[in-house]
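# Observations on the three-dimensional arrangement
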Amino acid sequence: MTTTTTPRPTAAPLTAATAISPGVVVHRNVMVPMRDGVRLATDVYRPARVDGTPDPTPRPVIFERTPYDKAGTPRTEFSVAAPTPLSRIALAERLVAEGYVVIWQDCRGRYDSEGTFTKYLNEAEDGFDSMVWIDAQDFGNGRVGTMGLSYDAHVQMALACLNPPGLACMAVDSGGFSNAFTCGIRQGGALEMKQATWAYNRAMEAPLAAADPLILKAIEAESLHDWMKHTPWTRGRSPVRWDPDYEGYLLDQWQHGTFDDFWKKTGIWAAGYYDTFPKIPIIFMSSWYDVYVQSTLENYVGLKDDAARPLTLIMGPWTHGNRSRSLFGDVDFGPNAVFDGQVDDDWLAFRLKFFARWLKDDGDGAREDRVHLFVMGGGSGRRTPEGHLDHGGHWIEVPDWPVPGAKPLRLHPRPDMTLGAPEAGELGYAYDPAHPVPTIGGALPSGEPIFEGGAFDQTEDSHFFGCTTPGLPLTARRDVLSFETPALAEDLLVAGPVTVRLRVSTDAPDTDFTAKLVDVYPPSEDYPRGYAMNLTDGIFRVRYRKGFDSPALVAPDEGAFEITITPFATVNLFRKGHKLRLDISSSNFPKYDINFNTGEAEGTARGSRIAHNTLYLGDASVLELSVLPNPT
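It should be emphasised that the depicted structure is a prediction, and the values quoted were computed from it without experimental measurement.

## A few points about the pattern of salt bridges
The tally for this structure, following the rule as stated, stands at 43 salt bridges. Where aspartate 507 meets arginine 609, a salt bridge forms, and the shortest distance between an N and an O atom there is 3.8 Å. Linking aspartate 507 in the loop between β22 (499-506) and β23 (512-521) with arginine 609 in the loop between β27 (579-585) and β28 (611-617), this pair joins segments that are 102 residues apart in sequence. In this structure, a network of salt bridges that share partners links the residues Arg186, Asp512, Arg541, Asp593 and Glu602.

## Observations concerning helix α3 (residues 151-160)
Burial analysis of α3 places 10 of its 10 residues in the buried class, the great majority of the element. Every buried residue of α3 is listed here: Tyr151, Asp152, Ala153, His154, Val155, Gln156, Met157, Ala158, Leu159 and Ala160.

## Focus on the pairing of strand β14 (residues 371-376)
Summarising burial for β14: six of the six residues are buried, a large majority. Residues Val371, Leu373 and Val375 line one face of β14 and the alternating positions His372, Phe374 and Met376 line the opposite face, and both faces are buried. In this sheet, β14 lies alongside strand β11 (residues 311-319) in parallel orientation, the contact comprising three bridges. Bridge pairing in β14 links isoleucine 314 to histidine 372.

## Describing the packing of helix α4 (residues 194-203) against helix α8 (residues 244-255)
Relative orientation of the contacting elements α4 and α8 amounts to 175°, with a least axis distance of 10 Å. What the angle tells us is that α4 and α8 run roughly antiparallel. On the side of α4, the interface is formed by Gln195, Ala196, Trp198, Ala199, Arg202 and Ala203, while α8 contributes Tyr246, Tyr249, Leu250 and Gln253. Here the residues of the contact of α4 with α8 sort into seven nonpolar, two polar and one charged.

## Section: the confidence of the model for the protein
When pLDDT is averaged across the protein, the result is 96; 97% of the residues are at 70 or more. Throughout residues 1-5 the model reports pLDDT below 50, and contacts reaching past four residues in sequence, or to other chains, amount to 13 contacts.

## Brief notes about the sheet that holds strand β13 (residues 331-332)
Ordered in space as β12-β13-β15, the three strands form an open sheet in which the pairing is mixed. The strands lining the two open edges of the sheet, one partner per strand, are β12 (327-328) and β15 (389-390). Bridge analysis of β12 against β13 gives two bridges, and the strand direction is antiparallel. What sits directly across from phenylalanine 328, in β13, is valine 331.

## Topic: helix α10 (residues 347-359)
In this model α10 runs 18 Å from its N-terminal to its C-terminal C-alpha over 13 residues, within 8% of the 18 Å that 1.5 Å per residue would give. Taking burial as the measure, the 13 residues of α10 include 10 buried ones, the bulk of the element. Along α10, the positions that sit buried rather than exposed are Trp347, Leu348, Ala349, Phe350, Arg351, Leu352, Phe354, Phe355, Ala356 and Leu359. Close packing links the buried residues of α10 with β4 (59-66), α1 (88-97), β6 (140-149), β7 (167-173), β10 (282-289) and β11. For α10, the N-terminal capping position is held by aspartate 346, with its side-chain oxygen 3.2 Å away from the main-chain nitrogen of leucine 348. Positioned one or two residues after α10, aspartate 361 has a phi angle of 55°, which is positive.

## Quick word on the pairing of β27
Counting buried positions along β27 gives six out of seven residues, so the element sits mostly inside the fold. When strand β20 (residues 481-484) meets β27, the two strands line up antiparallel, connected through four bridges. Across the sheet, residue phenylalanine 483 finds its bridge partner in β27, namely leucine 582. For β23 and β27, the ladder comprises seven bridges, and the chain directions are antiparallel. Of the residues in β27, the one forming a bridge with threonine 514 is serine 585.

## Description of the nonpolar core
Trp233, Trp288, Phe333, Trp401, Leu580 and Leu623 are the most contacted members of the largest nonpolar core, which has 178 residues in total. Looking at which element gives the most residues to this core, the answer is α10, with eight residues. The contacts of leucine 580, once residues within four sequence positions are left out, are Leu411, Leu419, Phe483, Glu484, Thr485, Leu492, Val494, Leu517, Val518, Phe574, Leu623 and Leu625. By size, the runner-up hydrophobic cluster in this structure holds seven residues, among which are Val437, Phe464, Cys467 and Leu474.

## Details of the packing of aromatic side chains
Geometry of an aromatic ring pair is reported as the spacing of the ring centres plus the angle between the planes. In this structure the tally under the stated criterion is 36 aromatic pairs. Between phenylalanine 259 and tryptophan 269 the ring centres are 6.2 Å apart and the planes differ by 70°, which places this aromatic pair in the edge-to-face class. Of this pair, phenylalanine 259 sits in the loop between α8 and β10 while tryptophan 269 sits in the loop between α8 and β10, and the two are 10 residues apart along the sequence. On the accessibility criterion, phenylalanine 259 (16% relative accessible area) is buried. Measuring from ring centre to ring centre gives 5.7 Å for tyrosine 544 and phenylalanine 548, while their planes differ by 50°; the resulting arrangement is tilted. Following the ring pairs from residue to residue traces out a cluster consisting of Tyr68, Phe117, Tyr120, Tyr151, Phe177, Trp198, Tyr246, Tyr249 and Tyr292. When the ring centre of phenylalanine 561 is taken as reference, the NZ or CZ atom of arginine 545 above it lies at 5.4 Å.

## What to know about the sheet that holds β27
The strand order across the open sheet formed by four strands is β20-β27-β23-β24, and the pairing between neighbours is antiparallel. Strands at the two margins of the open sheet, each flanked by one partner only, are β20 and β24 (531-541). Each strand of the sheet is rotated relative to its neighbour by a mean of 20°, with strand direction disregarded.

## Digging into the side chain of arginine 414
Considering the arrangement of structural elements, one finds arginine 414 in the loop between β17 (407-413) and β18 (419-420). Judged by its relative accessible area of 18%, arginine 414 falls in the buried class. Within the structure, the side chain of arginine 414 is placed 2.9 Å from the side chain of threonine 418, a separation counted as a polar contact. Excluding residues that lie within four positions of it along the chain, arginine 414 makes contacts with Leu419, Gly420, Ala421, Glu423, Leu427, Phe483 and Leu617.

Basis of the calculations
- Residues numbered from 1 in each chain as written.
- Predicted model: local features only at pLDDT ≥ 70, side-chain atom pairs only at ≥ 80, totals over all residues.
- Heavy atoms only, no water.
- Salt bridge = Lys/Arg side-chain N within 4 Å of Asp/Glu carboxyl O.
- Helix = DSSP H or I, 4+ residues; strand = E, 2+ residues; numbered from the N terminus.
- Buried < 20%, exposed > 50% of the residue type's maximum accessible area, 1.4 Å probe, protein only.
- Pairing = 2+ DSSP bridges.
- Axes fitted to C-alpha atoms, helices over the stretch in contact; angles between N-to-C directions.
- Parallel < 35°, antiparallel > 145°, perpendicular 65-115°, else oblique.
- Contact = heavy atoms within 4.5 Å.
- Nonpolar A, V, L, I, M, F, W, Y, C, P; charged D, E, K, R; others polar.
- pLDDT = per-residue confidence, 0-100.
- Expected span 1.5 Å × (residues − 1).
- Polar contact = N/O pair within 3.5 Å; in protein donor to acceptor, adjacent residues only side chain to side chain.
- Core = buried A, V, L, I, M, F, W, Y, C linked by side-chain atoms within 4.5 Å.
- Phe/Tyr/Trp six-rings, centres within 6.5 Å; stacked < 30°, edge-to-face > 60°.
- Lys NZ or Arg CZ within 6 Å of the ring centre and 35° of its normal.

This is how it looks when you write it as structure tokens:
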């Protein structure tokens, strides 16, 4: 698909220009019509002449679409040297000074834009129509660069699937669905519960709440903490029920459990458009504790190997978008962990060079078309003065992803709870949905007060949702099977995809299996019990063992079958004396929704039962990693 056959929307006139600083004017709330007549509020910032009127000289455009208020202050537009976030107005002034026209737009149904917000699903067409409008304006020179974090990254990949006119380059930061069914909305068949917390929090900013103070008070009065104890939510029985639009799209995602045409849409399935994707330069950036590791790496791999499409890949140790920090969860990754002074002076400086190269033919893009990876690990292992684990790390540049020269490492779970050569046996446990394994960090966005992302010792703590025995390690649970290597005789650098293949069985018509990779520190003066640091985790819902497009319940006499769990890729240096650990269980809540083991339709369970799950050891169950030689 290279274009859209839908007629172009009617042009929208610019509003009167208002001076906001010397040399900069803005046309506020230009209402740009979409193909269905809905109008999107758009602010256009332009250079001004001495008399305060817009300079008519055509210039390249920088364009960002957002559901987070085009006139607000993004939380991550700051640097180590300038820690106060730039407002969108201030950022526009900076970019205009660099010679660009700057356009911020509210997504459909958000803030000043018209229409109904249905998360993700209008962004491809709305983005295309907006690009058509930009292309028709006299202020532009026909070259548009897009940028944005998270949802503002999703909308970039969405509009690019339709090959809009004028698109010249993209800076896609921590988002941009390759396939939302396998990363971003669902994983392994399970729902990512960040979608539930996002819907609740964002409903308080929606037009319905803005128009009716009682609606806002009703949403605010709900206890999200209590509602999380009563999942799955259903229509009219959720904390989001006060806004039917937000409840509706959330429950559609939760209850549509088959990978079919519902999921094969431009806004959430860029992988289906790789063959015809625009041949333009793209920055893909994410981080090891971000929710979009898999999306970012799949987009990079799916679009590379074309000289007409130079790609840059950046993977830090951060949580979602937090590129100018070094502390994530309870772990400090050291002074080199930040983007600033490592990949470039800061993220804004990197983007300015990128846009200058591809929108103005200015500069050689010397630091582009590379893969920048942060290697976690190598710190002292001591407790920092602030009270956190010093895990440390450093940046490397490699020519590609997966990293050339990486060698496979296969480790099998064994009956004695070690990892090593295959040995036959089986281990069973009872998974009770009433007592799921609590989520302690991981690749999560901000979801407070329900969950927190980052690296933590895998020990229960009262500030994590669902923890009932603070101080007890998760490995003490009878429904967690934990397998460890012996203490490493030398450093081991794991760098690449993480795959867990298991042979399993269950007595339930449906259940889940989870896997978590852990870096286990030995006991020390600061950490007498050691420190079990989570690196990455994944899940698989067994009704999808025959394919995500072919769900099938488990027959009572089915016996054992094979599944594959795909935790996010990682790059971590396991130091000499550490152990590599694999935890297998059947829940990780509230990161993923609970499987109640009944076989009821996705997101509708009213019943619950205990599942007796079995892991079969030997050749068929294995942890597959990639390692790099000479980690020093």
